[in-house]
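Listed below are the residues making up each chain.
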Amino acid sequence: MSSNLFPRDAIVRRLGTVPKMRGSHSSETCPDIFELSDGRFAVIGTEVTDALDPHLPPDAARADYERIVVITRDTLIHAKKDIPDA
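Overview of the structure. This one's a predicted model, so the numbers in the text were calculated from it and none came from an experiment. (Residues numbered from 1 in each chain as written. Predicted model: local features only at pLDDT ≥ 70, side-chain atom pairs only at ≥ 80, totals over all residues. Heavy atoms only, no water.)

## Comments concerning the overall build of the protein
And then number 1: A count of helical and extended segments in the protein gives 2 helices and 5 strands.
And then number 2: The order of α-helices and β-strands along the protein, N terminus first, is β-β-β-β-α-β-α.
And then number 3: Long-range pairs, those at least 24 residues apart, make up 46% of the contacts in the protein between residues at least 6 apart in sequence.
And then number 4: For the protein, the computed accessible surface area is about 6,700 Å², with 55% contributed by carbon and sulfur atoms. (Helix = DSSP H or I, 4+ residues; strand = E, 2+ residues; numbered from the N terminus. Contact = heavy atoms within 4.5 Å. Areas by Shrake-Rupley, 256 points an atom, 1.4 Å probe, with all protein chains shown as cover.)

Written out as C-alpha cells, the structure reads:
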C-alpha cells in the first residue's frame, strides 16, 4: 500500500495501556493497537501470515497486500475499554 494513504497525523490515539504498563521491559517491540483519524485501526503484532493462512476458515479471505498478525490476549483485553461500541 502506498505510504501517502497514511499521513503522519493518522494516529489519533492508542487503545489500551502503554506497553510498559502491560509488563514490557523495553517498551520498544510490543504489540499495540491505534485508532486512525479515518476510523480504522492499526495493529502492531507478530506477522504470521504464512503459518495461519492455510488454516483460515473457508469463509475468510485476505488480499495479497493484507497480512495476518497476532497480538497478545493481554493487549486486546487492555484495549477493550477504549474500543467504541458503534
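Let us keep going from here.
## A short note on the pattern of salt bridges
And then number 1: Per the counting criterion, the structure on display carries 5 salt bridges.
And then number 2: A salt bridge links Arg13 to Glu35, with the nearest nitrogen and oxygen atoms 2.6 Å apart. Within this pair, whereas Arg13 is found in strand S1 (residues 11-14), its partner Glu35 is found in strand S2 (residues 32-36), the two being separated by 22 residues in sequence.
And then number 3: The exposure class of Glu35 is buried, given its relative accessible area of 17%.
And then number 4: With a closest N to O distance of 3.2 Å, Asp82 and Lys81 form a salt bridge. (Salt bridge = Lys/Arg side-chain N within 4 Å of Asp/Glu carboxyl O. Buried < 20%, exposed > 50% of the residue type's maximum accessible area, 1.4 Å probe, protein only.)

## Comments concerning the pairing of strand S3 (residues 41-44)
And then number 1: In this sheet, S3 lies alongside S2 in antiparallel orientation, the contact comprising 4 bridges. Each bridged residue has a counterpart across the sheet, and for Ile33 the counterpart in S3 is Val43.
And then number 2: The turn linking S2 back onto S3 is made up of 4 residues, and Gly39 within it adopts a positive phi angle of 95°. (Pairing = 2+ DSSP bridges.)

## Description of the side chain of Thr75
And then number 1: With respect to the helices and strands, the residue Thr75 is situated in helix H2 (residues 73-79).
And then number 2: By relative accessible area, Thr75 is classed as buried at 2%.
And then number 3: Apart from the residues within four sequence positions on either side, Thr75 is in contact with Arg22, Pro31, Asp32 and Ile33.

## Structural notes on the sheet that holds S1
And then number 1: Judged by pairing direction, the sheet is antiparallel, and its 3 strands sit side by side in the order S1-S2-S3 without closing on themselves. The open sheet has two edge strands, S1 and S3, and neither has a second partner. Strand-to-strand, the axes of this sheet are offset by a mean angle of 30°, without reference to chain direction. (Axes fitted to C-alpha atoms, helices over the stretch in contact; angles between N-to-C directions.)

## Brief notes about the side chain of Thr49
And then number 1: Tracing the backbone through its elements, the reader meets Thr49 in helix H1 (residues 49-52).
And then number 2: Separated by 2.8 Å, the side chain of Thr49 and the backbone nitrogen of Ile68 make a polar contact.
And then number 3: For Thr49, the contacting residues outside a window of four places in its chain are Pro54, Arg62, Arg67 and Ile68. (Polar contact = N/O pair within 3.5 Å; in protein donor to acceptor, adjacent residues only side chain to side chain.)

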